[in-house]
Amino acid sequence: MARFIRFVAAALLVAGAVSMATPARACDPLAPGASSVTGATSNDAAGRAVALININGQGPFRFIIDTGANRSVLSQALATRLGLAHSGEGIVHSVDGAELAMLVNVESLSFGALPLSSGETPVLDGPMLDGEHGLLGVDGMAGRLLHVDFTKRCVEIYETAAQMPMQGWLSVPARMRFGSLLMVQGDIMGVRVNVLIDTGSDISLANQHFRDALRDVAARSIEYHNGHAFTFGRPIVLAQRVWTPRLRIGQTVVDSVNAYIGDFHIFDLWGLQDEPTLLIGMDVLARSREMAIDYEHAIVHFRQRPRGDYRGAGRERAAAQSMRKDAVSRQARQQPTG
């Protein structure tokens, strides 16, 4: 019989996504002398940050850092390799549905010497893992601070966020859902939107209310994409993509944001389907220089890159220009003649 335990794993991978890895360097500590564990990260093929994790004292293994997952996930290959026995079943909610997953008992999941979680852990497979060993969820982050430096390719986890100096950072208060999943408030041309922070997705998603709320304000064009993305279940058809010129999260500003529109299950699960909501993935988050999430005080901190210091900026500008050109062409075709 299935044990109906609610897990959320919002990781998502677009078909054909490719990213170039860069060498890792040491993080600049947020607070010299504070108790923390630091490690190098690399990127998977889609540009998602990957940390080295030990399971039951063995490893390290490559886990995608997923702030959209309230529980870490093991691949079937890793569970088999470690000889972990089936201990039950549970329901895992993904971006586009719910899947029944096998559970195994993990005695310890750790980042370096820092223990993060233990207990019953879902085992899943699918293209979205992209050959990695699992997802590092937020189940071990309670009361801690997660720091990811996207430029130096490194990650730190601090035992506590108390009295952490964050001068020079742009800070945004967040709301926690399902324990440690994060939602902040954003603004697009005066329209308030909910923003979910999801490092496990390489793209950004939005619901129909997001598109409708911005139709006359900032959603300048819609492209019919007909691509596919992968989670743990069936492939997701990405039928529509909307472009917005500027997203503001507190004092953090992101220009030219593209999001795929749909009635995705994750928005229903969060109770947000009837509110304008945007899930931002690594296509948006990695444009910042660094991100730090204070799980003790529910605050997200960003440090922005200098203008023009993001490798993907040229591709994004080209995509936005193409979308605007297509919109103008469609409008021209729709004009009455005579």
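Since this is a predicted model, take the numbers as computed values, not measurements.

Conventions we followed
- Residues numbered from 1 in each chain as written.
- Predicted model: local features only at pLDDT ≥ 70, side-chain atom pairs only at ≥ 80, totals over all residues.
- Heavy atoms only, no water.
- Helix = DSSP H or I, 4+ residues; strand = E, 2+ residues; numbered from the N terminus.
- Buried < 20%, exposed > 50% of the residue type's maximum accessible area, 1.4 Å probe, protein only.
- Salt bridge = Lys/Arg side-chain N within 4 Å of Asp/Glu carboxyl O.
- Pairing = 2+ DSSP bridges.
- Phe/Tyr/Trp six-rings, centres within 6.5 Å; stacked < 30°, edge-to-face > 60°.
- Patch = residues over 30% accessible without salt bridge, like charges linked within 9 Å, V, L, I, M, F, W, Y side chains within 5 Å.
- Areas by Shrake-Rupley, 256 points an atom, 1.4 Å probe, with all protein chains shown as cover.
- Lys, Arg positive; Asp, Glu negative; His and termini not counted.
- Charge placed at Lys NZ, Arg CZ, Asp CG, Glu CD.

A word on the environment of Val-193
- Within the secondary structure, Val-193 sits in strand 17 (residues 191-197).
- Judged by relative accessible area, Val-193 falls into the buried class, the value being 1%.

A word on the pattern of salt bridges
- Inspection of every chain in the model, using the stated rule, returns eight salt bridges.
- In this structure, Glu-132 engages Arg-62 in a salt bridge whose closest nitrogen and oxygen atoms are separated by 2.7 Å. Taken together, the residues Glu-132 in the loop between strand 10 (114-124) and strand 11 (134-136) and Arg-62 in strand 6 (residues 58-65) connect sequence positions 70 residues apart.
- According to the relative accessible area criterion, Glu-132 is buried, its value standing at 11%.
- A salt bridge links Arg-71 to Asp-139; its shortest N-O distance comes to 2.4 Å. Note that Arg-71 is positioned in the loop between strand 6 and strand 7 (73-75) and Asp-139 in the loop between strand 11 and strand 12 (145-149), a separation of 68 residues in sequence.
- Owing to a relative accessible area of 11%, Arg-71 belongs among the buried residues under this scheme.
- Among the charged side chains, a network of salt bridges with common partners joins Arg-211, Asp-212 and Arg-215.

Here's the deal with unusual backbone geometry
- Pro-60 follows Gly-59 through a cis peptide bond whose omega is 10°.
- Positive phi outside glycine occurs at Asp-130, with the angle close to 55°.
- Along the polypeptide, Asp-130 turns up in the loop between strand 10 and strand 11.
- At Ala-298, a residue that is not glycine, the phi angle is positive and equals roughly 55°.
- By secondary structure assignment, the location of Ala-298 is in the loop between strand 23 (288-294) and strand 24 (299-304).

Comments concerning the pairing of strand 8 (residues 86-94)
- With eight bridges connecting them, strand 8 and strand 9 (residues 97-111) associate as antiparallel partners. When the sheet's bridge partners are listed, Ile-91 is paired in strand 9 with Leu-100.
- What sits between the antiparallel neighbours strand 8 and strand 9 is a turn of two residues.

Brief notes about the packing of aromatic side chains
- Under the defined criterion, the tally for this structure stands at one aromatic pair.
- Residues Phe-264 and Phe-267 carry aromatic rings whose centres are separated by 6.3 Å and whose planes lie at 55° to one another, so their mutual orientation is tilted. In this pair, the class of Phe-264 matches that of Phe-267, namely buried.

A closer look at a negative patch on the surface
- Together, Asp-263, Asp-268, Asp-274 and Glu-275 make up a region of like negative charge exposed at the surface.
- For Asp-274, the location among the structural elements is in the loop between helix 3 (265-269) and strand 22 (277-280).

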